[in-house]
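For reference, the chains in residue letters:
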Amino acid sequence: MNRRRILTACAAAAAPAATAILLLFGAPTAARSQGGGVVHVDLGNISVSDVVGLNPSLYYRPFDDLGVRPSAAAMALGGAFLARASGPAAIGWSPASLAEMEDGELFVDGSLHSGSSQTSGYPAELTIPGAGSIFTTGYRVDPKSGARPSAAAGALPIWRSGEMRLVGGLSWRRQYDVSYPEEIVNDFVFGGVTSFPVVLTRDRKERGGVEAIGPTLAFRVSPQFAVGANLNALTGRWRATSAFDIDVGAPVPPGGERLTYVYDGLSFDLGARFALGNKIAVAARFSPAHTLEVSGGAYHSESVAAPGQPQFIVDAKVVGYEMEIPSAFAVGGMIRPLPRLAVSADLTSRNWSETKLSYTGAGPDSPFSLPLDLPLVDVASLHVGVEYVVWQPSWGEVPIRVGFRSSPLSFSDMDSTDVSVNDGDPVFGGDEIDTSAISAGFGVTTGNVTFDFGAERTSYEIQKIYFDSPGGILASGGNDFLTVDRSITSMRFSATYRFGAGTP
Amino acid sequence: MARLCHRAGRLVPRARRALPFSGRVGLGPTLGLLLGALVLSGCTKRVPVADGAFENTQRVLITFKDGRELRGKIDREGTVEYSEAGIEYRGTVSNVNDVQIVLRDLVKVQTVGSRQEVVERMADSRLYLAAPREEVILDRVDIASVERVRADGPRIGRAAGFWTAAGVVAVLILRERS
């Protein structure tokens, strides 16, 4: 009997979308019972801001354009790579650096991410009406691990005259990372005479992001000075798929949730580089403001189908919108005090808070929709890296690298003083999430191929809502804010292949 | 009417059954073949043979004093590539002894170098009267150098490493976009 009550209560808890809708939109006028305890709610067109009421983690989308830039060498150097970039990897840093290429080259880059968290502030005990209490024995909100492609690029010199040179390139690369997959596991034990475990899980997989495909041209004016430009056709699709599971000792059909966005736009990067031999170099990149159109927005969720509990099926369409993303600027320098030692530093800046949002068509259907808003915050970052060639055998060379970067996230944290996501205040009106990362790596250049490996660890503290349930869980009556100490470990591997007569 | 045959209790058209791929071609095998071809192409090195001696099991490149080249395993009935005056032939070794190497059934494969340009320019005005070359006798006293053609292990390793990484990234990109 108690199992049944617990299951029913947990099923209600694992239907946050439905709970939130009731609070957000009042009586769901679009809801209709289809018999068998199924309640279908069609919300129609909603604003992206309303997603915070469905699932705050689906709303939380920092745009990361720092950690996604290509090259494992760059990651190992803490992203201090603007003046160091060479070969096709330079397309993602300073297109002007492409002009130094002597022969055709291919470049590929991928990364692996994993993370762990320490969570505090979750309730130790939940009371289930008519069934007593269940006690929390563990609660985890861990970032999910996974492999991601980062870049594939090729470039070759297409015209030479004396010291002047024109180099062309073509690339696919990840422009903005917007994926933050997570897994929530909440372990309970029912504390009666015959105690038994209860486990709630919420597993959210995410794929995709904003990608850039396009050509690059770099022109070497003289051995000291070069300029370059990227044309980026922005494309991509982001998909989040969640599964809710309740393990209470009885078979329960799992619930699920999915949301998809499609990105479309066009942007440019302009770059310049000045170098004195290989001793000193400075480089700059300017990315003018551009428009990113976000469409798709199909939302669907199904709560866990527990006996005695109506199953909520929710459908909605997030209205398409445009982001006027402000310009970005980066400057970097490199100095080589010893033949084997190179020190580099970069500064980057983008005023994300100046991003303007507008609907591409008609707005949301409901007058209760939250105003169109993404609490993006300005990002300025510092990057420092050191490289030392530790070994120069006859077959190549092996450099080792260390780096540091400040890497604030572009999305503000939750405001833990807010009492509800449904009171009209922006729940993500908290502070900027300021983080830093340390990194290390090495490279191996042999013959016509270079392999680079980089690893980075970043840590930060973030506020989350208990079980991502914006309406509260198990009739607790409000939001339960948690503090999550999160560590992300990223590993990146890149390889460069050189063609041409100079190839050994 | 299409002939039918039994397979796993179902009747399927014989023609479909005979096809090695009757639906989607797997991404893995396709990428594997592509990578294999890319890795193996051009990853050889030539090692000079000091005394000019070679065995019939060894793949060699023989350069003659007048620039002619013979490449392959020099064994009776073995297939070799022979180039002379900018024309590359493929033929069969009909006889090998201490004095001569005799080739037969030479078929022109391609023209290379500056001769190719001339051939292309004159293609419309040339009248071919001569029959394909049927036999070529190569005197071993005319051999200038012998080089063994061997797989370049480090180069294959480097290329395999790069193309494997490229394949993994390609699969990840396709998976993300699928």
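Residues numbered from 1 in each chain as written. Chains lettered and ligands numbered in written order. Predicted model: local features only at pLDDT ≥ 70, side-chain atom pairs only at ≥ 80, totals over all residues. Heavy atoms only, no water.

Side note on the overall build of chain B
Along the backbone of chain B there are four helices and 10 strands. Along chain B, from the amino end to the carboxyl end, the secondary structure elements read β-β-α-α-β-β-β-β-β-β-α-β-β-α. Evaluated residue by residue, chain B yields a buried proportion of 30% over its 178 residues. By sequence separation, contacts in chain B at least 24 residues apart represent 53% of the contacts at least 6 residues apart. Put simply, chain B shows about 11800 Å² of open surface, and 54% of that area lies on carbon and sulfur atoms. (Helix = DSSP H or I, 4+ residues; strand = E, 2+ residues; numbered from the N terminus. Buried < 20%, exposed > 50% of the residue type's maximum accessible area, 1.4 Å probe, protein only. Contact = heavy atoms within 4.5 Å. Areas by Shrake-Rupley, 256 points an atom, 1.4 Å probe, with all protein chains shown as cover.)

Comments concerning the pairing of strand 10 (residues 210-220) of chain A
The sheet contact formed by strand 7 (residues 164-176) of chain A and strand 10 of chain A spans 11 bridges and is antiparallel. Among the inter-strand pairings, R173(A) is bridged to a residue of strand 10 of chain A, identified as A212(A). (Pairing = 2+ DSSP bridges.)

Observations concerning the confidence of the model for chain B
Taken over all residues, the pLDDT of chain B has a mean of 75, while the share at 70 or more is 65%. Predicted confidence is poor over residues 1-25 of chain B, with pLDDT under 50, and the contacts of this stretch with residues over four places away or in other chains come to 17 contacts. (pLDDT = per-residue confidence, 0-100.)

So, the pattern of salt bridges
Residue and element names in this part refer to chain A. Summed over all chains, the structure comprises 29 salt bridges over all chains. A salt bridge links E206 to R61; the shortest N-O distance between them is 2.6 Å. Here the residue E206 occupies a position in strand 9 (residues 196-207), and R61 occupies one in the loop between helix 4 (56-59) and helix 5 (72-76), the gap between them amounting to 145 residues. For R61, a relative accessible area of 6% puts it in the buried group. When the shortest N-O distance is used, the salt bridge between D203 and K144 registers 2.8 Å. With a gap of 59 residues between them, D203 in strand 9 and K144 in the loop between strand 5 (132-143) and strand 6 (146-161) connect regions that are remote in the sequence. Given the relative accessible area of 19%, D203 is considered buried. On the accessibility criterion, K144 (22% relative accessible area) is partly exposed. One salt-bridge network, in which partners are shared between bridges, spans R61, E182, R204, E206, K464, D468 and R486. (Salt bridge = Lys/Arg side-chain N within 4 Å of Asp/Glu carboxyl O.)

Description of the sheet that holds strand 4 (residues 59-64) of chain B
Residues and elements named next belong to chain B. Taken in spatial order, the eight strands line up as 3-10-4-5-6-7-8-9 in an open sheet, and their pairing is antiparallel. Looking at the sheet topology across the chains shown, the edges are occupied by strand 3 (44-48) and strand 9 (135-139). Recorded for the sheet is a direction-independent mean angle of 30° between the axes of neighbouring strands. With five bridges joining them, strand 4 and strand 10 (residues 143-151) adopt antiparallel strand pairing. Paired with L61 across the strands is E147, a residue of strand 10. (Axes fitted to C-alpha atoms, helices over the stretch in contact; angles between N-to-C directions.)

Focus on the interface of chain B and chain A
In this assembly, 15 residues from chain B lie in contact with 29 residues from chain A. Buried surface at the junction of chain B and chain A, summed over both partners, amounts to about 1800 Å²; 61% is from carbon and sulfur atoms. Of all residues in chain B, R158(B), F162(B) and E176(B) give up the largest surface area on contact with chain A, accounting jointly for 41% of the area buried on that side. In this assembly, chain B and chain A are joined by one salt bridge. Here E176(B) ties to R174(A) by a salt bridge, and the two come within 2.7 Å at their closest N and O atoms. The tally of links between chain B and chain A comes to six residue pairs in polar contact (both at pLDDT 80 or more). Its residues placed into classes, the side of chain B that touches chain A shows eight nonpolar, two polar and five charged. (Buried area = accessible area lost by both parts, 1.4 Å probe. Polar contact = N/O pair within 3.5 Å; in protein donor to acceptor, adjacent residues only side chain to side chain. Nonpolar A, V, L, I, M, F, W, Y, C, P; charged D, E, K, R; others polar.)

Digging into the nonpolar core
Formed by 69 residues in total, the largest nonpolar core has its most connected members in Y261(A) and M323(A). Excluding anything up to four places from it in sequence, M323(A) contacts F63(A), H290(A), T291(A), L292(A), V294(A), T355(A), K356(A), L357(A), L374(A) and L376(A). The next biggest cluster of nonpolar side chains, apart from the first, holds 19 residues, and it includes I62(B), F64(B), L70(B) and V146(B). (Core = buried A, V, L, I, M, F, W, Y, C linked by side-chain atoms within 4.5 Å.)

Quick look at the environment of L106(A)
Following the sequence through the fold, L106(A) ends up in strand 3 (residues 105-120). Distance in space between the C-alpha atoms of L106(A) and V449(A) is 9.6 Å, their sequence separation being 343 residues. Dropping the residues within four chain positions of it, L106(A) is found in contact with P88(A), A153(A), G154(A), A495(A), T496(A), Y497(A), F499(A), F162(B) and W163(B).

Notes on the packing of aromatic side chains
Inspection of every chain in the model, using the stated rule, returns 22 aromatic pairs over all chains. With a centroid separation of 5.5 Å and an interplanar angle of 45°, the aromatic rings of Y59(A) and F428(A) are classed as tilted. Remark: F428(A) occurs in the loop between strand 22 (396-406) and strand 23 (436-446) and Y59(A) occurs in helix 4; sequence separation between them is 369 residues. Both rings, one in F411(A) and one in F428(A), keep their centres 5.8 Å apart while their planes meet at 70°; by these two values the pair is edge-to-face. One end of the pair, F411(A), is in the loop between strand 22 and strand 23; the other, F428(A), is in the loop between strand 22 and strand 23, with 17 residues separating them in the sequence. Each member of the pair, F411(A) as well as F428(A), carries the same accessibility label: buried. In this structure, R350(A) packs its charged tip against the face of W352(A), placed 5.0 Å from the ring centre. Over the ring of F64(B) we find R68(B), and its NZ or CZ is 5.1 Å from the ring centre. (Phe/Tyr/Trp six-rings, centres within 6.5 Å; stacked < 30°, edge-to-face > 60°. Lys NZ or Arg CZ within 6 Å of the ring centre and 35° of its normal.)

Focus: a nonpolar patch on the surface
All names here are of chain A. A cluster of nonpolar side chains, V221, F225, V227, F274, L276, I280, V282, I335 and V343, forms an exposed patch at the surface whose accessible area comes to about 670 Å². Sorting the residues of the nonpolar patch by element identifies strand 11 (225-235), strand 13 (255-276) and strand 14 (280-287) as the ones contributing at least two each. Assignment of secondary structure puts V221 in the loop between strand 10 and strand 11. (Patch = residues over 30% accessible without salt bridge, like charges linked within 9 Å, V, L, I, M, F, W, Y side chains within 5 Å.)

What to know about the side chain of S412(A)
Checked against the element boundaries, S412(A) lands in the loop between strand 22 and strand 23. A polar atom in the side chain of S412(A) sits 2.4 Å from the backbone oxygen of F428(A).

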